[in-house]
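Fold and contact review
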Number of protein chains: 2
Amino acid sequence: MKKLTSWLDIPADSDFSIHNLPFGIFSKKKKGKTRAGIAIGNQIVDLAALAEAELIDVSPFVFRQSTLNDFIALGKKVTNKVRLDVQRLLVEADSPLQKKQEILILQADVQMHLPIHIGDYTDFYSSIEHATNVGKMFRDPENALLPNWKHIPVGYHGRASSIVVSGTPIRRPKGQVMPKDATAPVFKPSERLDFELEMGFITGKNTQLGDSVSTTDAADYIFGLVLFNDWSARDIQKWEYVPLGPFLGKSFGSSMSPWIVTLEALEPFKVAGPKQDPKVLPYLKYTGKNNYDIQLEVALQPENSVAHTVSNSNLKYMYWNMRQQLAHHTINGCNINVGDVMASGTISGKDESSYGSMLEISWGGSKPVTLKDGSTRTFIEDNDTVIMRGFAEKDGIKVGFGEVSGTILPSD
Amino acid sequence: MKKLTSWLDIPADSDFSIHNLPFGIFSKKKKGKTRAGIAIGNQIVDLAALAEAELIDVSPFVFRQSTLNDFIALGKKVTNKVRLDVQRLLVEADSPLQKKQEILILQADVQMHLPIHIGDYTDFYSSIEHATNVGKMFRDPENALLPNWKHIPVGYHGRASSIVVSGTPIRRPKGQVMPKDATAPVFKPSERLDFELEMGFITGKNTQLGDSVSTTDAADYIFGLVLFNDWSARDIQKWEYVPLGPFLGKSFGSSMSPWIVTLEALEPFKVAGPKQDPKVLPYLKYTGKNNYDIQLEVALQPENSVAHTVSNSNLKYMYWNMRQQLAHHTINGCNINVGDVMASGTISGKDESSYGSMLEISWGGSKPVTLKDGSTRTFIEDNDTVIMRGFAEKDGIKVGFGEVSGTILPSD
């Protein structure tokens, strides 16, 4: 890929390079109305203003909303053109945008919002390393992976209402937990509060009830990706999850990054996924490279202290890719809508340093982690902030996600 | 309760008596625009027209929409007043409505729509008879009820996008199933397609993330109830559901009745629920009678044949009541929005004739049911229609739900 250069001053290491151009919803800190924008370096291209100036061929109305749903629903032909038009406007010498720099807004001056109205949220469980680690701890170390795992991209429905944008504090949940050797559950704040390092994709096209999306067509239905922290209360989850799956152990909050990086921006970073053995059923077969080499990092920052990196992982480890997830999700005729979120499940690698949850990092609480400030953690403490970052980089071109962060408030 | 009489001709056995007055969304069969209405006998009070005629004190705009969400969001003070105003207009001699009968529309002349935009859908598992039956068949007959069941109103997140209004056909889903004694799954249309007799409640008030709703306050957050058929593909479900719960075995479709019967209309039919032993944790305690005596019936009708009743059950059998379900759902801070659906789970009674699914009625397929036309069923066949009905009746006063029906189309 040819590296492009903008007339705009973009920091060399910026996640939001001229090759990225992700979409989000922002409001100016004092004026307040939400609008759609594209991130570039430390700034934002105000798409409503750009449309009003007639530098892109879309009604400004679609950008003066509280979510991107209506814009995304215009289809990839339109959304890709807007992105490429903005890229051209930022690259061309004597670009009309260069003369109208009031269309560019400093990121420091805005507040970011949840970029989409989320219809349904699905969480997959697609990392073989994570599923194996959890299986060892929660079930049988000798048969950690359940019989269906290599045949099905296992997933479950999550709670859409409690998905919040990066920066939103999360209150430590209370709930029922069953203490070891007890005969009855007790009610208390979770003592095993965890993050889950995930990425999510946002669907960009509706289907009708009864329709399926093939692995071949799946990319047409994926608008873009975000970082996703699926906060988990392990003690609540453990007591509740048999037989119908996780519920209150997850539904108290999930956090996502504000900028949706398009699938098109990630195209150069495709890599082959792990070999799938046994062979998958025909509807899950795919051709080509469909994993993405996206470097991921989780840092834990205690209150008034420094951040400590607890995990370095990569989306490329996923056993099941997004095309397979979407094909599986719809094979029974389940319909999808623009703005559904489908998250990967915890992204763990083979190595301990790449585990994507405290459950795995501290091995069920048995191996505390010592942070830079000397304190130790098995799970997340009150007022800790969890920060996840991710980016792809190749041939000097960087496409990043910014971050998703969240601070745990004490239970009330 | 004093029995009221309307000047309007209402069939004596109508579900939609003067004491009911449920809300729904309809459109005239030829003209097409959706509007809110109240069912009365065989007719509908057109609420937009009623508001335009200034017979109720709400903007007509809120009734000229495709869902009831905005109306419900006005709060119970407003929605209850509209319902009671309509009741008064239908009872009073020389009522102004009597002079404007163009506001009344025959139900036979309209199409009904899904009455709400559903944010999130949760399915509980609150019948002890159903949970016991399933546990016996799917797990261990000696320990059918799992250890958490009597402590937690067990529930899971379902798929909101695929909830459809009564009358919408459902295509038989395809998916992975694991044949008995096989070593690998096969892909095929479900052979164990089932209904689940449920009722669902519709939430009528938002909460903020971090808030909880107590059992005492729960009724303020419940707008009303509908009949709900949570279609299930047992063979797909069985292979996929460990460890994260039901997914594609359920998400191909759920059907709900079009008229939302308000909690206020059901007030006279409250009864005490089963004794809960062991005692529940304090946040699940409640006072008063909080079960509802609602008679339920499921009929199965083969193509070009007669309907055969396969189940007679009752909502009063539920072990966990709605107040407890809502208190549990929000105890971890999970927020709710107007238009969430929380379904009961399959409503089975003690007796075989009151089982709420074919799985239980045919005991896992081992006991075929002979229908009126001489054909037999273990599960649902192609082109069968499943019809669920429900009503409460006391002191000559009937409050019913109409029906939820759906026909299974062959897999394509």
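Since this is a predicted model, take the numbers as computed values, not measurements.

The subject of this paragraph is the pattern of salt bridges. Where side chains of opposite charge bring their charged atoms close, a pairing between them can arise. Residues and elements named next belong to chain A. Applying the stated rule across the entire model yields 46 salt bridges over all chains. With its nearest N and O atoms 3.2 Å apart, the salt bridge here joins Asp85 to Arg88. Within this pair, Asp85 and its partner Arg88 are both found in helix H3 (residues 76–91), separated by three residues, close to a single helical turn. The buried category is assigned to Asp85, whose relative accessible area is 10%. For Asp194, the salt bridge is made with Arg234, and the minimal N-O distance between the two is 2.9 Å. Of this pair, Asp194 sits in strand S12 (residues 193–194) while Arg234 sits in helix H5 (residues 234–240); the two residues are 40 residues apart in sequence, bridging distant segments of the chain. Look at Asp194 and you get buried, because its relative accessible area is 0%. According to the relative accessible area criterion, Arg234 is buried, its value standing at 3%. Several salt bridges converge on common partners, so that one network encompasses Asp194, Glu196, Asp230, Arg234 and Lys250.

Residues and elements named next belong to chain A. Backbone torsion omega between Val242 and Pro243 reads 10°, so that peptide bond is classified as cis. Locating Pro243 in the fold gives a position in the loop between H5 and strand S16 (254–256). The step from Asp277 to Pro278 runs through a cis peptide bond, and the omega angle for that step is 10°. Along the chain, the position of Pro278 falls in the loop between strand S18 (270–271) and strand S19 (291–292). In this model, Asp94 sits at a positive phi of 55°, which is unusual for a non-glycine residue.

Residues and elements named next belong to chain B. Spatially, S9-S26-S25-S20-S21 is the arrangement adopted by the five strands of the open sheet, whose pairing is mixed. With one partner strand each, in any of the chains shown, strand S9 (170–171) and strand S21 (308–314) form the two edges of the open sheet. Pairing between S9 and strand S26 (residues 397–409): two bridges, direction parallel. Bridge pairing in S26 places Ile170 opposite Ile408.

It is common to give the size of an interface as the accessible area that goes away when the parts come together. Residues and elements named next belong to chain A. Domain assignment breaks chain A into domain 1 (23–113) and domain 2 (121–409). Taken over C-alpha atoms, the centre of domain 1 sits 30 Å from the centre of domain 2. Counting the surface domain 1 buries against domain 2, the share from its top three residues, Phe23, Ile72 and Lys76, is 44%. The tally of links from domain 1 across to domain 2 stands at one salt bridge. A salt bridge links Glu264 to Lys76, with the shortest nitrogen-to-oxygen separation between them at 2.8 Å. At the junction of domain 1 with domain 2, the criterion picks out five residue pairs in polar contact (both at pLDDT 80 or more). Those elements that provide at least two residues to the side of domain 1 that touches domain 2 are strand S1 (23–28), strand S2 (35–40), helix H2 (69–72), H3 and strand S5 (110–113).

This paragraph deals with the interface of chain B and chain A. Each partner contributes residues to the interface: chain B has 55 residues there, and chain A has 55 residues. A buried area of about 5,200 Å², summed over both sides, lies between chain B and chain A, and 63% of it is on carbon and sulfur atoms. Summed over the three residues of chain B that lose the most area to chain A, namely B:Arg159, B:Leu244 and B:Phe247, the buried surface amounts to 16% of that side. At the surface where chain B touches chain A, the tally comes to four salt bridges. Between B:Arg159 and A:Asp340 there is a salt bridge whose closest N-O contact spans 2.7 Å. Our count for the chain B to chain A interface comes out at 23 residue pairs in polar contact (both at pLDDT 80 or more). Sorting the residues of the side of chain B that touches chain A by element identifies strand S6 (121–124), strand S7 (155–158), strand S10 (174–177), strand S11 (186–189), helix H5 (234–240) and helix H7 (322–330) of chain B as the ones contributing at least two each. Considered class by class, the residues forming the side of chain B that touches chain A number 31 nonpolar, 18 polar and six charged.

Thresholds applied
- Residues numbered from 1 in each chain as written.
- Chains lettered and ligands numbered in written order.
- Predicted model: local features only at pLDDT ≥ 70, side-chain atom pairs only at ≥ 80, totals over all residues.
- Heavy atoms only, no water.
- Salt bridge = Lys/Arg side-chain N within 4 Å of Asp/Glu carboxyl O.
- Helix = DSSP H or I, 4+ residues; strand = E, 2+ residues; numbered from the N terminus.
- Buried < 20%, exposed > 50% of the residue type's maximum accessible area, 1.4 Å probe, protein only.
- Pairing = 2+ DSSP bridges.
- Domains from an automatic or database assignment.
- Buried area = accessible area lost by both parts, 1.4 Å probe.
- Polar contact = N/O pair within 3.5 Å; in protein donor to acceptor, adjacent residues only side chain to side chain.
- Contact = heavy atoms within 4.5 Å.
- Nonpolar A, V, L, I, M, F, W, Y, C, P; charged D, E, K, R; others polar.

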